[in-house]
Amino acid sequence: ETKIFEPQERSELARAAGFVLAYESGRKAPKYARLSAEKFQVIADWWHYAILNLIQTRGFRSDPKWIADRLGLDPRVVEDALFRLKELRLVREEGGRLRRTEERLTTSDDRIDLALQRGNLGLIQLAGRRLKTVSIDRRDVTSFVMAVNPARLPAAKTAIRRFQDEHTAILEGDEIDFREAEII
């Protein structure tokens, strides 16, 4: 039987396995808001999360055309995405400026879900396109092939998710300048 772990549980498992988490050295543990499968189906495409992260950058403009130019999207796609994000209460407008309502989002892990598959495939395709357009000093794509012991996959997934939390703690700052952050 596959056990599904929340981000906090993953951290506890990592700690129990002897890992030291980056945010335990004075940083706060990241908090995640669980995105229901129903909500995720509505915003599974990568640009919804790119918009949510772009909103947090210094110099952000709440203008759909500006967002579209920044992300390489059609302005209508951005307008539709903003509508959905507002309807799901993940974004609100405050004095003409867009604000996120949740700092971080998570979905269910280790479940077969067509929306998650669509979202992951979209990110893989985006990464493939960006390999051709983003300079090597502004990206890192790493892969390797190896033989795997299937019994160790749960431990590997726990380690990967722990790394994601640590990676986020390292790279996120109080303010991110959109000119210095590449969204991939």
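Student: Explain the overall build of the protein residue by residue, including any values.
Tutor: Each helix and strand in the protein was counted, giving seven helices and six strands. Across the protein, helices and strands are ordered from the amino to the carboxyl terminus as α-β-α-α-β-α-α-β-β-β-α-α-β. In the protein, buried positions account for 32% of the 184 residues. Intrachain contacts of the protein at a sequence separation of at least 6 include 70% that bridge at least 24 residues. As presented, the protein carries roughly 12,300 Å² of accessible surface, and 53% of it is formed by carbon and sulfur atoms.

Student: Residue-level account of a nonpolar patch on the surface, with values.
Tutor: Residues Phe144, Met146, Val148 and Leu153 make up a contiguous nonpolar surface patch of about 430 Å² in total accessible area. Among the secondary structure elements, Val148 is positioned in the loop between helix H6 (114-133) and helix H7 (153-171). Judged by its relative accessible area of 45%, Val148 falls in the partly exposed class.

Student: How would you sum up helix H4 (residues 64-71)? Please name residues and give values.
Tutor: Since the α-helix packs 3.6 residues into each turn, any two residues three or four apart lie on the same face. For H4, every residue scored as buried is listed here: Trp66, Ile67, Ala68 and Leu71. Residues of H4 that are buried sit in contact with helix H3 (46-54), helix H5 (75-87) and H6.

Student: Can you lay out the side chain of His48 for me, pointing to particular residues and giving the numbers?
Tutor: Topologically, His48 is positioned in helix H3. Residue classification places His48 among the buried residues on the basis of a relative accessible area of 0%. For His48, the side chain forms a polar contact with the side chain of Arg84, separated by 3.1 Å. Those residues in contact with His48, other than ones at most four positions away along the chain, are Val42, Ile43, Ala81, Arg84 and Leu85.

Student: Explain the confidence of the model for the protein to me, using residue names and the numbers behind them.
Tutor: Per-residue confidence for the protein averages 76 on the pLDDT scale, and 67% of its residues sit at or above 70. Ranking the helices and strands of the protein by mean pLDDT puts H5 first, with 94, and strand E6 (residues 176-177) last, with 47.

Student: Which residues make up unusual backbone geometry, and what values do they have?
Tutor: Negative phi characterises most residues that are not glycine, and trans characterises most peptide bonds. Even without being a glycine, Arg89 presents a positive backbone phi close to 60 degrees. Tracing the backbone shows Arg89 in the loop between H5 and strand E3 (91-94).

Student: Residues and numbers for the packing of aromatic side chains, please.
Tutor: This structure, assessed with the given rule, holds two aromatic pairs. With a centroid separation of 5.7 Å and 75 degrees between ring planes, the pair formed by Trp46 and Trp47 is classed as edge-to-face. You can call Trp46 buried: its relative accessible area is 8%. Ring centres of Phe60 and Trp66 lie 5.6 Å apart, and the angle between their planes is 85 degrees; on these two criteria the pair is classed as edge-to-face.

The rules behind the values
Residues numbered from 1 in each chain as written. Predicted model: local features only at pLDDT ≥ 70, side-chain atom pairs only at ≥ 80, totals over all residues. Heavy atoms only, no water. Helix = DSSP H or I, 4+ residues; strand = E, 2+ residues; numbered from the N terminus. Buried < 20%, exposed > 50% of the residue type's maximum accessible area, 1.4 Å probe, protein only. Contact = heavy atoms within 4.5 Å. Areas by Shrake-Rupley, 256 points an atom, 1.4 Å probe, with all protein chains shown as cover. Patch = residues over 30% accessible without salt bridge, like charges linked within 9 Å, V, L, I, M, F, W, Y side chains within 5 Å. Salt bridge = Lys/Arg side-chain N within 4 Å of Asp/Glu carboxyl O. Polar contact = N/O pair within 3.5 Å; in protein donor to acceptor, adjacent residues only side chain to side chain. pLDDT = per-residue confidence, 0-100. Phe/Tyr/Trp six-rings, centres within 6.5 Å; stacked < 30°, edge-to-face > 60°.

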